[in-house]
Amino acid sequence: VDKLLNEKAILWSTNNLELWAVTEIEENFKERRVLVSLVCGSGAVQFLEEFTEILVEYGKSLNCNCIVGYCRPGWVRLLKPIGYNIDRVILRKEV
């Protein structure tokens, strides 16, 4: 929420409010990228391809190299057909 309030992140939604997403721009020594940190809503799957096209244009306008999203394994099945590839795997252990 702080990043949204401080304009470090953007809240996106479809006109009918069926898809919501939060993005921010990350930059490191290697690349500048659009990070998708949240996607939700009843239309998330339905609008996924259209939303990706919007993010591609948004990323290009900010000289980003790629779009990155941290997601659950089930999203891989939905995202691979529209050009996403597995780049890293994040493992987590509760302490």
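From a predicted model like this one, the values you see are computed outputs, not experimental measurements. (Residues numbered from 1 in each chain as written. Predicted model: local features only at pLDDT ≥ 70, side-chain atom pairs only at ≥ 80, totals over all residues. Heavy atoms only, no water.)

K.L.:
Explanation requested: the environment of Val-76 in the structure shown.
P.N.:
Along the chain, the position of Val-76 falls in helix 3 (residues 74–79). With 60 residues separating them in the primary sequence, Val-76 and Asn-16 have C-alpha atoms 25 Å apart. (Helix = DSSP H or I, 4+ residues; strand = E, 2+ residues; numbered from the N terminus.)

K.L.:
Whenever I open this one, the environment of Pro-73 confuses me. Can you help?
P.N.:
Residue position: Pro-73 is located in the loop between strand 4 (66–69) and helix 3. Overall, Pro-73 belongs to the exposed group, its relative accessible area being 72%. Along the chain, Pro-73 and Val-89 lie 16 residues apart, while their C-alpha atoms are 9.7 Å from each other. (Buried < 20%, exposed > 50% of the residue type's maximum accessible area, 1.4 Å probe, protein only.)

K.L.:
How do you make sense of the pattern of salt bridges when you look at a structure like this?
P.N.:
When charged atoms on two side chains of opposite charge get close, those side chains can pair. Inspection of the entire model under this criterion finds 6 salt bridges. Where Arg-33 meets Glu-26, a salt bridge forms, and the shortest distance between an N and an O atom there is 2.9 Å. Via salt bridges that share partners, Glu-26, Glu-31 and Arg-33 belong to a single interconnected network. (Salt bridge = Lys/Arg side-chain N within 4 Å of Asp/Glu carboxyl O.)

K.L.:
It is not clear to me how the pairing of strand 3 (residues 32–40) should be interpreted in this structure. Could you clarify?
P.N.:
Note on strand geometry: in a regular strand, side chains alternate between the two faces of the sheet. Direction of pairing for strand 2 (residues 20–27) relative to strand 3: antiparallel, over a ladder of 8 bridges. Following the sheet pairing, Thr-23 is matched in strand 3 by Val-36. Between strand 2 and strand 3, which pair antiparallel one after the other, the connecting turn spans 4 residues. Relative to strand 4, strand 3 runs parallel, the two being bridged by 4 bridges. Across the sheet, residue Val-36 finds its bridge partner in strand 4, namely Gly-69. A crossover connection joins strand 3 to the parallel strand 4 through helix 2 (residues 48–61); in handedness this β-α-β unit is right-handed. (Pairing = 2+ DSSP bridges. Right-handed = clockwise from strand over helix to strand, strands pointing away.)

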